[in-house]
Amino acid sequence: MEPSEKKSSAAVSDVGAWGMNVVSSVGIIMANKQLMSASGYAFTFATTLTGFHFAVTALVGLVSNATGYSASKHVPLWELLWFSIVANMSITGMNFSLMLNSVGFYQISKLSMIPVVCVMEWILHSKRYSREVKIAVIVVVIGVGVCTVTDVKVNLKGFICACVAVLSTSLQQITIGSLQKKYSIGSFELLSKTAPIQALSLLVFGPFIDYFLSGKLITSYKMSSGAILFILLSCSLAVFCNVSQYLCIGRFSAVSFQVLGHMKTVCVLTLGWLLFDSELTFKNIMGMTLAVVGMIIYSWAVELEKQVNSKTLPNVKNSLTEEEIRLLKEGMDNVPVKDVQLGESKV
């Protein structure tokens, strides 16, 4: 194959991976909102839906291992169980947040993971941050705060679910990093190991959790052809989201991942407003803009900090800074394993 043809083929492959990630990540949020909202199919069983996602993801992982596409490395069962609990809380919380809140508030609340992760790293690892990073975090917090106050659809239960989702997802992001470094395991391999555990636990306990939170039993839900179609669509998009995340890792630079994350955030906010949120005030728009600008400043500040550290300490890796870059690459949207998208996790 000619060098020009190789470059052309690689470019097409990159665009395909990028496009698949954007479409699946944004699409699954829209599909889940339509499925779970009262104005849609009112499928208020977010935990069980997450179980469906993981069941399909586990099947894909088994096929991947059986065909030799991915290798299986040993990770102690107790660590997999701990990670599965945190991941289940993360994705279930995200789904309930999406069901109970507007799409705009749901997406903006996810950006608050930036300050939460920073605080957790500071508490757990005594991480120090540059002035630029601190400024970015403050801007994000102000933006999220404005959105919370001005969003008329925010309710107490939805706000609590958003808080649980953000805290557990932030802890999940940190746990993913530590497990990957400790056992030299990739995110897709880790997902393949935890997906069967998560699927089994969510499908067994999910209906009871859903009943406790929504007061409805899944057996009483009248399943329509439209609801079945959206459940299948949601599960399919979860798989595509996982696969595209795996294809993108290592293919793009940290800066490219940052642009990809910002693009998905803007797409979700725009489509959420057009399809679901009828009211969007000037203050709400200002809050969203502040939060997104804060995210962009944060991305720039982390990259700047990494460059400074690489110059001052050329022979020493700053693992925590690399961890920040990994967070940007794998999940300010996502989590992969990550929030609803990844069913993982990004459901």
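So, how was this worked out
Residues numbered from 1 in each chain as written. Predicted model: local features only at pLDDT ≥ 70, side-chain atom pairs only at ≥ 80, totals over all residues. Heavy atoms only, no water. Helix = DSSP H or I, 4+ residues; strand = E, 2+ residues; numbered from the N terminus. Buried < 20%, exposed > 50% of the residue type's maximum accessible area, 1.4 Å probe, protein only. Areas by Shrake-Rupley, 256 points an atom, 1.4 Å probe, with all protein chains shown as cover. Patch = residues over 30% accessible without salt bridge, like charges linked within 9 Å, V, L, I, M, F, W, Y side chains within 5 Å. Salt bridge = Lys/Arg side-chain N within 4 Å of Asp/Glu carboxyl O. UniProt positions renumbered as here; feature names shortened; annotations may be inferred. Axes fitted to C-alpha atoms, helices over the stretch in contact; angles between N-to-C directions. Parallel < 35°, antiparallel > 145°, perpendicular 65-115°, else oblique. Contact = heavy atoms within 4.5 Å. Nonpolar A, V, L, I, M, F, W, Y, C, P; charged D, E, K, R; others polar. Left-handed = near helix turned anticlockwise from the far one by under 90°.

**Q** Explanation requested: the overall build of the chain in the structure shown.
**A** A tally of helices and strands in the chain yields 12 helices and 0 strands. The helix and strand sequence of the chain, counted from the amino end, reads α-α-α-α-α-α-α-α-α-α-α-α. Burial analysis of the chain (347 residues in total) assigns 53% to the buried set. For the chain, the accessible surface area stands at approximately 15700 Å², while carbon and sulfur atoms represent 71% of it.

**Q** Where do I start with a nonpolar patch on the surface in this structure?
**A** On the surface, a nonpolar cluster with roughly 560 Å² of combined accessible area is contributed by I85, M89, L156, F159, I160 and V164. Examining the composition of the nonpolar patch, we find that 4 residues originate from one element, helix 7 (residues 156-183), more than from any other. Of the residues examined, L156 reaches a relative accessible area of 63% and is grouped as exposed.

**Q** Any chance you could explain the UniProt feature "transmembrane region" (unreviewed entry) in the chain here in plain terms?
**A** In this numbering, the UniProt entry assigns the feature "transmembrane region" (unreviewed entry) to residues 12-31, 43-63, 75-98, 135-152, 226-247, 259-276 and 282-301. Helix makes up 86% of residues 43-63 and strand makes up 0%, while its end C-alpha atoms are separated by 30 Å. The span residues 75-98 is 92% helical and 0% strand by assignment, and the distance between its end C-alpha atoms comes to 32 Å.

**Q** It is not clear to me how the packing of helix 4 (residues 103-111) against helix 5 (residues 113-125) should be interpreted in this structure. Could you clarify?
**A** When two helices pack together, their arrangement is given by the angle between their axes and by how far apart the axes lie. Contact pair helix 4 / helix 5: the axes reach a minimum separation of 5 Å and the direction vectors enclose 25°. Looking at the two axes, helix 4 sits roughly parallel to helix 5. Residues S109, K110 and L111 of helix 4 lie in contact with helix 5, whose contacting residues are M113, I114 and P115. Across the contact of helix 4 with helix 5, the residue classes break down as 4 nonpolar, 1 polar and 1 charged.

**Q** What is the right way to look at the packing of helix 5 against helix 7 in this model?
**A** Look at helix 5 against helix 7: their axes get within 9 Å of each other, and the N-to-C directions meet at 55°. As far as their axial angle goes, helix 7 and helix 5 are oblique. In the packing of helix 5 onto helix 7, the handedness of the crossing is right-handed. Mapping the contact onto sequence places M113, V116, V117, M120, E121, L124 and H125 in helix 5 and V166, L167, T169, S170, L171 and I174 in helix 7. When the residues that make up the contact of helix 5 with helix 7 are grouped by side-chain class, the tally is 9 nonpolar, 3 polar and 1 charged.

**Q** I keep staring at the pattern of salt bridges and nothing clicks. Help me out?
**A** All told, the structure shown has 1 salt bridge when counted by the stated rule. One salt bridge connects K182 with E79, and the closest N-O pair in it is separated by 3.1 Å. With K182 in helix 7 and E79 in helix 3 (residues 77-100), this pair connects stretches of sequence that are 103 residues apart. On the basis of relative accessible area, K182 is assigned to the exposed category, the value being 54%.

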